[in-house]
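What follows is each chain in one-letter form.
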Amino acid sequence: MASPGARTTWPEVDALLAEGAVEYALDRLRASLHRHGIAAALLTDPVNVRYASGTSIMPVWTMHSIDRYLLVPAEGEPVLWEYASAPPELRSPYPGIEVRAATGWSVLGVGEQADHRSAAFAADVTRVLRDRGIVHDRIGVDRLDAYGFLALQEAGLHLVPAQLAVEHARAVKGADEIELIRRSVAVADAAVTDLYQALRPGMTENEAWGRLLGRAFALGAEFAECRLLASGPRTNPWFREASDRPLQRGDLVAFDTDLIGPAGYLADLSRTYLVGSAKPSARQRRLYADAQDFLADIIAELKPGAAFDEVGERLSRRLPAAYHAERYPFIAHGSGLSDEYPIIAFQDHHAGEIEAGMVFSVEAYVGVEGEDEGLKLEEQVLVTSAGVEVLSHAPHDERLWAP
């Protein structure tokens, strides 16, 4: 495993490791497409493109501007339409992927030509499907904008949703993916440790968040999906993002990394720390103990073969009733290239069961409705046939749990 002190950006990830992850991903994705009755998936979501090709170029940009896309047939080799200005070394490490130049149709770039450009995109994709003999079959799409979707419809394609099939594929990680996840979590652990050591009264929430991300970026992380960090009375309810509020001595400061680390894999863990040389209150210690107990209950339930709905129902009864009004929406969620399938929820459960090779982030937010403090803890874990391995090792604040 890479040292947290080492710079581990995508170009430095071992090529064989990356290629192994892509081979595994394509095998799982093709099998999932077969199960869902989809002849090919046309992927524009940059997370899905990365999963099945091993490539990422400007991932945040391409979340809102479709400048690259990937066709994965259930039978046969994929075709990646790559961003036209991409340097050759950023192309897929997997040699079985054909690479072509993408036709972009973002209004930002082409203005009134968006209709014409999206029609050219659709025509190009249709030609490939016709050459593969699947142009009249069910073609899955994940997240197209209106221009692209309507252009494919006008080209006569039978479009169906692909995201569930892709999420089913991504849910179970191979050995190479797990190694990449370990690297990302190690980076997050190092960044959280740095923040823990630097926290002080007078630092603003924005400064604390900047400290966390600055260290993570220096170690090769790419971006954070949210900026959830709150202190003092802003910790209840949850989901407040960092502000210019100065931290006060005796405050709780709670945060969620939501970090996309080296090679694009998510490191999703949460900690709550006590600011300054203060003694924790009885309420703060109670919140911490209840959050820790709930995390332990979740981890104990993550066994291969356990049904998502049954696990969710059992755990929903273990969270103390005082916290139900403000509870976190999920008990656990998949963690791979992003927050992903499956979800273990308090209600509205997914079908299916836990499998070895699934990676989860297990969530505990405890706060009583109407009170001015809450506490967030979260660990990232790997389910194996021999038990659950906790992957995240960032420090906890001993003052909050020590007797």
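One structure accompanies this document, and this report is about it.

Criteria and thresholds
Residues numbered from 1 in each chain as written. Predicted model: local features only at pLDDT ≥ 70, side-chain atom pairs only at ≥ 80, totals over all residues. Heavy atoms only, no water. Buried < 20%, exposed > 50% of the residue type's maximum accessible area, 1.4 Å probe, protein only. Helix = DSSP H or I, 4+ residues; strand = E, 2+ residues; numbered from the N terminus. Pairing = 2+ DSSP bridges. Axes fitted to C-alpha atoms, helices over the stretch in contact; angles between N-to-C directions. Salt bridge = Lys/Arg side-chain N within 4 Å of Asp/Glu carboxyl O.

## Quick word on the pairing of strand β9 (residues 252-256)
Phase 1: With five of its five residues buried, β9 lies for the most part within the structure.
Phase 2: Pairing between strand β8 (residues 229-231) and β9: three bridges, direction antiparallel. Across the sheet, residue A230 finds its bridge partner in β9, namely A254.
Phase 3: The pairing of β9 with strand β12 (residues 270-274) spans five bridges and is antiparallel.

## What to know about the sheet that holds strand β11 (residues 266-267)
Phase 1: The strand order across the open sheet formed by three strands is β7-β10-β11, and the pairing between neighbours is antiparallel. Of all strands in the sheet, those with a lone pairing partner are β7 (223-224) and β11, marking the two edges.
Phase 2: Sheet topology places strand β10 (residues 259-260) next to β11; two bridges connect them, and they run antiparallel. Note that in β11 the partner of L259 across the bridge is A267.

## Considering the sheet that holds strand β1 (residues 40-43)
Phase 1: With mixed pairing, the six strands of this open sheet are ordered in space as β4-β3-β2-β1-β5-β6. In this open sheet, the two strands that pair with only one neighbour each are β4 (98-101) and β6 (158-161). Neighbour-to-neighbour, the strand axes of the sheet open up by a mean angle of 25 degrees, direction not taken into account.
Phase 2: Bridge count between strand β3 (residues 79-82) and β4: four bridges; the pairing is parallel.

## Observations concerning the pattern of salt bridges
Pairs can form between side chains of opposite charge whenever their charged atoms are close.
Phase 1: In this structure the tally under the stated criterion is 24 salt bridges.
Phase 2: A salt bridge links D256 to K376, with the shortest nitrogen-to-oxygen separation between them at 3.4 Å. Taken together, the residues D256 in strand β9 and K376 in strand β16 (residues 374-384) connect sequence positions 120 residues apart. Neither D256 nor K376 differs from the other in exposure class; each is buried.
Phase 3: Across the pair E379 and R271 runs a salt bridge whose closest N-O atoms are separated by 3.1 Å. Highlighted residues: E379 in strand β16 and R271 in strand β12, separated in sequence by 108 residues.

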